[in-house]
Amino acid sequence: MAKEVIITDRELYPSHQIPDEHNLDYREQFPDIRPLLKRQFRGIWTRENALRRFPFLVWGPQYNLKKLLSDAIAGITVGLTSIPQSIAYAVVANLEPQYGLYSNFMGSFVYAFFGSVKEIAIAPTAIMALMVQQVVLDLGPAGAILASFLSGCISLLLGMLNFGFLVQFISMPVITGFITAAAITIISSQMKSLMGISSPGKSSGFIDSWENVVENASQTRLWDAVLGFSSLAILVCITLIKGRGSGHWRTATKYLCLLRNALIVISGGVIAYIFSTNNQYPFRLTGDVASGFPAVEPPPFSTTFNGEFYDFSQMLRILGSSVITIPLISILEVVSIGKAFSKGNPVDATQEMIALGLCNIAGSFTASIPTTASFARTAINSSSGVRTPFGGVFTGLLVLSALGLLTEYFYFIPKATLAAVIIAAMVFMIEYRAVAEMWRIKRIDIIPFLVTVIACLFLGLEYGILIGIAVNLCFLLYLISRPRIEHRLIVIHHAIALVLRPTNDLAFSSAEYFREKILSMASKHDAEVVVIDGEMIKYIDSTVVKNISSTVDELKLQGRQVLLWRWNREVQCSLYRYKKDQFLPLFRSDEHVEQVVERWKASNLNEGCV
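Every chain begins its residue count from 1, and numbering advances along the sequence as written. At least 70 in pLDDT is required for a residue's local features to be given in this predicted model, at least 80 for side-chain atom pairs to be given and counted, and no such filter applies to totals for whole chains, interfaces and linings, which use all residues. Hydrogen atoms and water are omitted, and side-chain values are computed over all heavy atoms in the structure.

## A look at the nonpolar core
- Definition of nonpolar core: a set of buried residues of the types Ala, Val, Leu, Ile, Met, Phe, Trp, Tyr and Cys, connected through side-chain atoms within 4.5 Å. Note on classification: 1.4 Å probe, protein chains only; a residue is buried when its accessible area is under 20% of the maximum for its type, exposed when over 50%, partly exposed between these limits. Core analysis: the largest hydrophobic core is formed by 105 residues, its most contacted members being I127, F178 and M426.
- For this core, the element with the most residues is helix 9 (residues 172-195), which contributes 12 residues.
- If near-sequence neighbours (up to four positions away) are discounted, F178 is found in contact with I127, M131, I329, T452, C456, L461 and I465.
- M521, V544, V552 and W567 belong to the second-largest nonpolar core, a separate cluster that totals 29 residues. In this description a helix means any DSSP run of H or I spanning at least four residues, a strand means any run of E spanning at least two, and both kinds are numbered starting from the N terminus. The contact rule is simple, with two residues in contact once any of their heavy atoms fall within 4.5 Å.

## Some words on the packing of helix 11 (residues 222-241) against helix 13 (residues 260-277)
- For helices, the fitted axis covers only the stretch in contact; all axes are lines through C-alpha atoms, and the angles between them, taken along N-to-C directions, range from 0 to 180 degrees. Axis separation between helix 11 and helix 13 bottoms out at 10 Å; the angle between their running directions is 155°. Of the possible angle classes, the one that applies to helix 11 and helix 13 is roughly antiparallel. Handedness of the crossing formed by helix 11 with helix 13: right-handed. Across from S231, I234, L235, I238 and T239 in helix 11, the residues of helix 13 making contact are R260, N261 and I264.
- Only Asp, Glu, Lys and Arg are considered charged, only Ala, Val, Leu, Ile, Met, Phe, Trp, Tyr, Cys and Pro nonpolar, and every remaining residue, Gly among them, polar. When grouped by side-chain class, the residues that make up the contact of helix 11 with helix 13 number 4 nonpolar, 3 polar and 1 charged. Note that the term roughly parallel is reserved for angles under 35 degrees, roughly antiparallel for angles over 145, roughly perpendicular for angles of 65 to 115, and oblique for everything else. Throughout, a crossing is termed right-handed when the near helix is turned clockwise from the far one, and left-handed when it is turned anticlockwise from it by less than a right angle.

## Examining the pairing of strand 7 (residues 529-533)
- Across the 5 residues that make up strand 7, a large majority, 5, are buried.
- Covered by surrounding structure in strand 7 are V529, V531 and D533 together with V530 and I532, the residues of both alternating faces.
- In this description, strands pair whenever DSSP reports at least two bridges between them. Both strand 6 (residues 495-502) and strand 7 contribute to a ladder of 4 bridges, which runs parallel. By the bridge assignment, A497 is partnered in strand 7 with V529.
- Assessed by its sense of winding, the connection that carries the chain from strand 6 through helix 23 (residues 508-524) to strand 7 is right-handed.
- Sheet topology note: the strand 7/strand 8 (residues 561-565) ladder contains 5 bridges and is parallel. From the neighbouring strand, V531 faces strand 8, where its bridge partner is L563.
- For a crossover, the right-handed case is the one in which the path from the first strand over the helix to the second runs clockwise, viewed with the strands pointing away from the viewer. The parallel pair strand 7 and strand 8 is bridged by helix 24 (residues 542-557), and the resulting crossover is right-handed.

## Quick look at the sheet that holds strand 7
- Spatially, 5-6-7-8-9 is the arrangement adopted by the 5 strands of the open sheet, whose pairing is mixed. Where the open sheet ends on each side, the last strands, each with one partner, are strand 5 (485-492) and strand 9 (587-588).

## Some thoughts on the side chain of S193
- Here S193 lies in helix 9.
- Residue classification places S193 among the buried residues on the basis of a relative accessible area of 9%.
- Not counting residues up to four positions away in its chain, the partners in contact with S193 are R284, K415, A416 and A419.

## Here's the deal with the confidence of the model for the chain
- The predictor's confidence in any single residue is recorded as pLDDT, a number from 0 to 100. A residue-level look at the chain finds 90% of positions with pLDDT of 70 or above and a mean pLDDT of 83.
- Every residue in residues 1-24 scores below 50 in pLDDT, and together they form 39 contacts with partners more than four places removed in sequence or on other chains.

## Describing the pattern of salt bridges
- A side-chain nitrogen of Lys or Arg and a carboxyl oxygen of Asp or Glu constitute a salt bridge if their distance falls within 4 Å. According to the stated counting rule, one finds 15 salt bridges in the structure shown.
- D526 is the salt-bridge partner of R560, the closest N and O atoms lying 3.5 Å from each other. Taken together, the residues R560 in the loop between helix 24 and strand 8 and D526 in the loop between helix 23 and strand 7 connect sequence positions 34 residues apart.
- On the basis of relative accessible area, R560 is assigned to the buried category, the value being 12%.
- One network of salt bridges, with partners in common, ties together R484, E486, R501, D533, E535 and R566.

## Some thoughts on a nonpolar patch on the surface
- A patch consists of residues exposed above 30% relative accessible area that lack any salt bridge, with like charges linked at up to 9 Å and nonpolar side chains (Val, Leu, Ile, Met, Phe, Trp, Tyr) linked at up to 5 Å. For the accessible areas, the method is Shrake-Rupley and the probe is 1.4 Å, while residue cover comes only from the protein chains on display. A cluster of nonpolar side chains, F165, L166, F169, L473, L476, L477 and I480, forms an exposed patch at the surface whose accessible area comes to about 590 Å².
- One can find L477 in helix 22 (residues 461-481).

## Focus on the packing of aromatic side chains
- Geometry of aromatic contacts follows a simple scheme: Phe, Tyr and Trp rings, the Trp one being its six-membered ring, pair when their centres are within 6.5 Å, and the pair is stacked under 30 degrees between planes, edge-to-face over 60, tilted otherwise. This model, assessed by the stated rule, comprises 19 aromatic pairs.
- Plain terms: the ring middles of F54 and F56 are 6.2 Å apart, the flat faces sit at 80° to each other, and that makes the pair edge-to-face.
- Of the residues examined, F56 reaches a relative accessible area of 27% and is grouped as partly exposed.
- Pairing Y411 with F412 gives two aromatic rings, centres 5.1 Å apart and planes at 75°, and the pair type is edge-to-face.
- Among the residues examined, F412 registers a relative accessible area of 18% and is labelled buried.
- Connected via pairs of aromatic rings, a cluster forms that spans F54, F56, W59, Y63, F113, F114, F390 and F394.
- A positively charged side chain is recorded as over a ring if its NZ (Lys) or CZ (Arg) lies within 6 Å of the ring centre. The angle to the ring normal must also be within 35 degrees. When the ring centre of W565 is taken as origin, the NZ or CZ atom of R566, which lies over that ring, is 4.0 Å away.

## A look at the environment of T81
- Relative to the helices and strands, T81 resides in helix 4 (residues 65-92).
- Assessed through its relative accessible area of 1%, T81 is described here as buried.
- If we skip the residues at most four places from it in the chain, T81 touches L258, N261 and I380.

## A word on the state of the cysteines
- The criterion for a disulfide is a pair of cysteine sulfur atoms lying within 2.5 Å. Counted by the stated rule, this structure contains 0 disulfides.
- Here C474 stays unpaired: no disulfide links it, and the sulfur of C456, its closest cysteine neighbor, is 16 Å away.

## So, the pairing of strand 6
- Strand 6 sits mainly inside the fold: 6 of its 8 residues count as buried.
- As paired elements, strand 5 and strand 6 share 8 bridges and run antiparallel to each other. Considered in strand 6, the bridge of I490 is made with A497.
- In this antiparallel pair of consecutive strands, strand 5 and strand 6, the connection spans 2 residues, and H493 shows a positive phi of 55°.

## Brief notes about helix 21 (residues 446-459)
- In this analysis, the expected span of each helix is defined as 1.5 Å times one less than the number of residues it contains. Between its first and last C-alpha, helix 21 extends 19 Å over 14 residues, near the 20 Å set by a 1.5 Å rise per residue.
- Inspection of helix 21 places I446, P448, F449, T452, V453, A455, C456 and L457 among the buried residues, and these make up the whole buried set.
- On its buried face, helix 21 sits against helix 9, helix 10 (206-215), helix 20 (432-441) and helix 22.

In C-alpha cells:
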C-alpha cells in the first residue's frame, strides 16, 4: 500500500529554494515582466512580424504577368458590380450618389497592400450605409466622413494592441442574427423606392419604413413599381440559375450572374433615357451625380448643417454609440467574410483590423463613409479568380474612371432599379440555412439569435448587436458560474466517502455554487468524509478560498471531514496564505483515492484507541 504523503512546509519549495524557517509566509511570486516586454519589443522588428504586418512583402516578390492578368479581370469584374451598388448604398445612407463612389476606391488601394485575404473587397456596404443614415440626417455628409475616420482610428488602435482575439467573444448566432436583421431592415427601407413613393419618412428603421409605406401606399407610381418589381424578379431568377446546367450554358449563367447588377442598372438607365428623348419621365431618377474626383482634405472636425454650427464635441455626442458599434460591426464583417473565403487557412484578425483601420482613415480624407468587406463583391472576386489583394487596385481605378468620365450617364438610373439591386442582394443575405443548422445542432443558440434579430429590428442595429452580445455573454457566464462537478461514492470499512472532482478552474462567479453543491451532496449521501479532487483546478481566487474555508468549517460542524486530494501547488499556496493551520492537515497526494480514505479511516481508528 502506498505511503501517505502530507505536504509539509519544506516540500512546497525546491531544495535549493527553501526559505528561512521563521519566514514561511507562502507569498505569491509575481512574474518578472521585464523579459516579457523585451521579447515583445524585439519581436516588433523581426522579419516574421514584418511579413505579417506588410503582406505585400510576401506576394510581391512572386508577382508575375499571369497573376496581374487574373487580378485585372477579377478587379474589373468587381468594379462593374461595385459601381451601381455603391451609388445605391449612398442613397441608403441619405447621401448624394457620388459619395458612394467616393467611398469605393481608397479602401481598395490601401487593402491591396495591407490586406491578408486576397479575396476580400473593401467597399461601402448596405449595413455600413444603414448605420450612418441617422448621422447623415443630423449632421450631413460631414457626420458620415467623421464616422469613417473615428472608426478607422479605433480599428487601427485595436489592431496595434493585438486585440484580434476579442472577435472570438462574439458568437455565430449573434453575427447571424445581426446580418439577418440588417438585411430585413435594408429591404424594408428600400420598399418605398421600389414602389416609387416619394415621401421621405421619419427614418429608415424597420418600423418607420413600413409605417411610411402603409401610410403613403396611395402615392405608389405604377411604372416605378412595374420596373422595380420586374427588375427584382429578374435579379432573383438570374441568381437562382447560376451554375446550373452544363457546358457553355453553365459558363454563360456564371458570367450572367456576375454581371447581373450592372446589366439591370444599365438596362434601366437605357429605358429611362429612351423615354426622356420623347420628353417622358415615368420613373423617379437618380438625378445629377457630381463629376470629378473628391478633394483630398482632412476629415471634418466641425461642420455647419441646416444653418447650425457643430463643433467636434457636439458631433461626437450626436454620433453617440455608433463610434463603437460601427468599427465593431466592420471588424466582425471583415473577419467573418475573411474566414468564409480563406478555404480553411487561418485569418489574422489583428492584421485585418490594422488594414481596415488604414482603409477607413485614408478614405476619410477623400469624403468616404465607413467601409468594410462586402460579402457579395468578395464572392465575385473569389469566383473571378483573383490571385492577390492587388486586384483591388483595378477596382479602384475603374471607380475613379467612372467618377471622371461616366457620371453624366448616372442621371438616368431609375431609383426603383437601384432599390431592386439592393433588395436582391439582401434577400440572399438572410441566414435561412444557418437558422436551420442551429435548430439541428444546438437549439439553445436560437435564443441569442432571436434576441439579436428582434432587438436590431425594433431598437436599431447598434443597440441590437450589443444586446445580442450581452445575452450571449450571460450564457457564457452562467456556464462559468456552474462548473461541472463529477462525483462518486466510495464505501470503505463502512465509511461513506464522497469524491468530488471539479472539471475546470474556480472563480468568484462559481464560488457560492461550488459551496452549495458540496454541502447538499454531502447531506444527500450522508458522507462521513468529502474528498475534493483538485487535479483539474489550476486557478482559484480569494472568494473561492474563503468559501472553501467556510465549507470546511460547516462540514466539521456536521461531523464530516474534508480532504483535499491532488491539488496544484500554486492553489495550495493560495489556501495556505489564507489559513495555513486549517488547510495544511487536509492535503493528500496518494496515488489512489481509496488509499486516501483508508488512511483517513485508519487514523481515526487509531485516535479512538488512544
